[in-house]
Amino acid sequence: MDKQSLFVQVANLEERIGELYVELGTLKQKIQDLIEENQRLQRENERFQAESLDEAKTLETGSAQDNLLRIYREGFHICNVKYGSLRTEGECLFCLSFIQKS
Ligand SMILES: [Zn+2]
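About the cut-offs
Residues numbered from 1 in each chain as written. Predicted model: local features only at pLDDT ≥ 70, side-chain atom pairs only at ≥ 80, totals over all residues. Heavy atoms only, no water. Helix = DSSP H or I, 4+ residues; strand = E, 2+ residues; numbered from the N terminus. Rg over C-alpha atoms; globule rule 2.2 N^0.38 Å. Contact = heavy atoms within 4.5 Å. Areas by Shrake-Rupley, 256 points an atom, 1.4 Å probe, with all protein chains shown as cover. Donors = N, O, S within 2.8 Å, 3.2 Å for Na, K, Ca; no water. Tetrahedral: all angles 85-135°; square planar, octahedral: opposite > 155°, others 65-115°. Buried < 20%, exposed > 50% of the residue type's maximum accessible area, 1.4 Å probe, protein only. Domains from an automatic or database assignment. Salt bridge = Lys/Arg side-chain N within 4 Å of Asp/Glu carboxyl O. Axes fitted to C-alpha atoms, helices over the stretch in contact; angles between N-to-C directions. Parallel < 35°, antiparallel > 145°, perpendicular 65-115°, else oblique. Left-handed = near helix turned anticlockwise from the far one by under 90°. Nonpolar A, V, L, I, M, F, W, Y, C, P; charged D, E, K, R; others polar.

A.B. asks: I would appreciate a short explanation of the overall build of the chain in the present structure.
C.D. replies: The secondary structure content of the chain amounts to 3 helices and 0 strands. When the helices and strands of the chain are read in sequence order from the N terminus, they spell out α-α-α. The C-alpha radius of gyration computed for the chain amounts to 35 Å, which surpasses the reference 13 Å derived for 102 residues by more than 25%, pointing to a less compact arrangement than a globule. Referenced to the eigenvectors of the C-alpha coordinate spread, the extents of the chain come out at roughly 110 × 25 × 15 Å. Restricting to contacts in the chain with at least 6 residues of sequence separation, those with at least 24 account for 15%. Total accessible area on the chain stands at roughly 9100 Å², and carbon and sulfur atoms take up 58% of it.

A.B. asks: Even after reading the chapter, I still don't get the coordination of the zinc ion, so can you show me in this structure?
C.D. replies: Ideal geometry at a metal centre: 109.5 degrees between donors when four sit tetrahedrally, and 90 or 180 degrees when six sit octahedrally. Looking at the metal site, the zinc ion is ligated by His77 (ND1), Cys79 (SG), Cys92 (SG) and Cys95 (SG), spaced 2.1 to 2.4 Å from it. Coordination geometry of the zinc ion: the 4 donor atoms subtend angles of 103 to 120 degrees at the metal centre, consistent with an arrangement described as tetrahedral. Looking at His77, the relative accessible area reads 3%, which means it is buried.

A.B. asks: Would you mind going over the domain arrangement of the chain with me for this structure?
C.D. replies: Interface size is often expressed as the accessible area that is lost when the parts come together. Here the chain is described as being made up of domain 1 (1–61) and domain 2 (63–102). Measuring from the centre of the C-alpha atoms in domain 1 to the corresponding centre in domain 2 gives 57 Å.

A.B. asks: How should the pattern of salt bridges be read in this particular structure?
C.D. replies: A side chain of one charge can pair with a side chain of the opposite charge if their charged atoms are brought near each other. What the rule picks out here adds up to 5 salt bridges. Across the pair Glu37 and Arg40 runs a salt bridge, and its minimum N-O distance is 3.2 Å. With a gap of 3 residues between them, Glu37 and Arg40 both fall in helix H1 (residues 3–61), about one helical turn apart. On the basis of relative accessibility, which here comes to 35%, the residue Glu37 falls in the partly exposed class. Owing to a relative accessible area of 36%, Arg40 belongs among the partly exposed residues under this scheme. Residues Arg70 and Glu74 are paired through a salt bridge, measuring 3.7 Å at the closest nitrogen-oxygen approach. Of the residues examined, Glu74 reaches a relative accessible area of 49% and is grouped as partly exposed. A cluster of three or more residues bridged by salt bridges with shared partners is formed by Glu37, Arg40 and Glu44.

A.B. asks: Is there a simple way to explain the packing of helix H2 (residues 64–73) against helix H3 (residues 93–101) in this structure?
C.D. replies: The relative placement of two packed helices comes down to the angle between their axes together with the axis-to-axis distance. Between H2 and H3, the least distance of the axes is 11 Å, while the angle of their chain directions is 160 degrees. Taken as axis vectors, H2 and H3 run roughly antiparallel relative to one another. Considering how the two elements wind past one another, H2 and H3 form a crossing that is left-handed. Here H2 contributes Gln65, Leu68, Leu69 and Tyr72 to the contact with H3, which in turn contributes Cys95, Leu96, Phe98 and Ile99. Split by residue class, the contact of H2 with H3 holds 7 nonpolar, 1 polar and no charged.

What follows is the structure, given as structure tokens:
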């Protein structure tokens, strides 16, 4: 067997291993980036879920008066005269007195 040829083969193999090693390093970095991105997204998702849960709780636990006031501000009657209908003439004295009473 030709010693020169063997030496060239080993050198070539060494070069390919070197290239594979670099490729492996790049892949490891990509995996690391993906893991970090995934963790970030998970944390973000947990935060959003917690926030929307808090919002839902706030809405649930808001007092009846808060809810009525909110409905009134959104433009609906809360008085027993026109309860639930759209307020078309601005403020309603019946609603306002109802809010003050409650
Ligand atoms: Zn009203």
